[in-house]
Amino acid sequence: QVQLVESGGGLVQPGGSLRLSCAASGSLFGINAMGWYRQARGLERELVARITRDDNTDYTDSVKGRFTISRDRPKNTLYLQMNSLKPEDTAVYYCNAHNIANYPRDYWGQGTQVTVSS
């Protein structure tokens, strides 16, 4: 079992910054990749950024140059630094861990609300 605990969401003005954190615990040896997803109300959940075990990263085009995904290995914590936030970034952000131990499966955090508004 993998448990993901998120923090860092909130309300910020356009152009501002937030850093989301995701603390992972449990059986982490099988984690192949972790990522951040978001879902705006009425829209499908989309990948924002992901990082693999080998530290390869991918970003959706709309956040490239503004968001940075990173990981603190000793703390088992995933981060998403979000700069130059726009109203269209408003969504519930979810931490994800893809586990390949025994069989492929995904774990999800509880979601944290990010609201970008004047």
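Higher on the page you've got the structure.
Quick notes on the rules
Residues numbered from 1 in each chain as written. Predicted model: local features only at pLDDT ≥ 70, side-chain atom pairs only at ≥ 80, totals over all residues. Heavy atoms only, no water. Helix = DSSP H or I, 4+ residues; strand = E, 2+ residues; numbered from the N terminus. Contact = heavy atoms within 4.5 Å. Areas by Shrake-Rupley, 256 points an atom, 1.4 Å probe, with all protein chains shown as cover. Lys, Arg positive; Asp, Glu negative; His and termini not counted. Charge placed at Lys NZ, Arg CZ, Asp CG, Glu CD. Phe/Tyr/Trp six-rings, centres within 6.5 Å; stacked < 30°, edge-to-face > 60°. Buried < 20%, exposed > 50% of the residue type's maximum accessible area, 1.4 Å probe, protein only. Lys NZ or Arg CZ within 6 Å of the ring centre and 35° of its normal. Disulfide = S-S within 2.5 Å.

Participant: Just to check I follow, could you spell out the overall build of the protein chain for this structure?
Facilitator: When helices and strands are counted, the protein chain shows 0 helices and 11 strands. Taken from N to C terminus, the helices and strands of the protein chain fall in the order β-β-β-β-β-β-β-β-β-β-β. Overall, the C-alpha framework of the protein chain stretches about 45 × 25 × 25 Å when taken along its three principal axes. Counted over contacts in the protein chain with a minimum sequence separation of 6, partners at least 24 positions apart contribute 53%. Accessible surface, the protein chain: about 6,500 Å² in total, of which carbon and sulfur atoms supply 45%. For the protein chain, the centre of its 13 positive side-chain charges and the centre of its 11 negative side-chain charges are spaced 3 Å apart.

Participant: Please explain the environment of A40 as it appears in this structure.
Facilitator: Among the structural elements, A40 can be located in the loop between β4 (31-39) and β5 (46-52). When the C-alpha positions of A40 and E88 are compared, they lie 8.6 Å apart, and in sequence the two are 48 residues distant. In contact with A40, not counting residues within four places along its chain, are T90 and A91.

Participant: In this structure, what is going on with the packing of aromatic side chains? I would like to understand it.
Facilitator: Two descriptors summarise a pair of aromatic rings, namely the distance from one centre to the other and the angle between the planes of the rings. Tallied over the entire structure, the rule returns 2 aromatic pairs. Measuring from centroid to centroid gives 5.0 Å for Y37 and W108, while their planes differ by 70°, and the two rings are edge-to-face. Note that Y37 is positioned in strand β4 and W108 in strand β10 (residues 105-108), a separation of 71 residues in sequence. Residue classification places W108 among the partly exposed positions, given a relative accessible area of 35%. Members of the aromatic cluster, each reached through a chain of ring pairs, are Y37, Y94 and W108. The ring of Y94 has R45 sitting right over it, with the charged end atom 3.8 Å from the ring centre. Taking the ring centre of W108 as reference, the NZ or CZ of R45 above it sits at 4.7 Å.

Participant: Just to check I follow, could you spell out the state of the cysteines for this structure?
Facilitator: One covalent bond between the sulfur atoms of two cysteine residues makes up a disulfide. Scanning the model with the defined rule gives 1 disulfide in all. The residue that forms a disulfide with C22 is C95, at a sulfur-sulfur distance of 2.1 Å. The chirality of the disulfide connecting C22 with C95 is left-handed, given an S-S dihedral of about -80°. In this pair, C22 sits in strand β3 (residues 18-26) while C95 sits in strand β9 (residues 91-99), placing the two residues 73 residues apart along the sequence. Classification of C22 as buried rests on a relative accessible area of 0%. Given a relative accessible area of 0%, C95 falls into the buried group.

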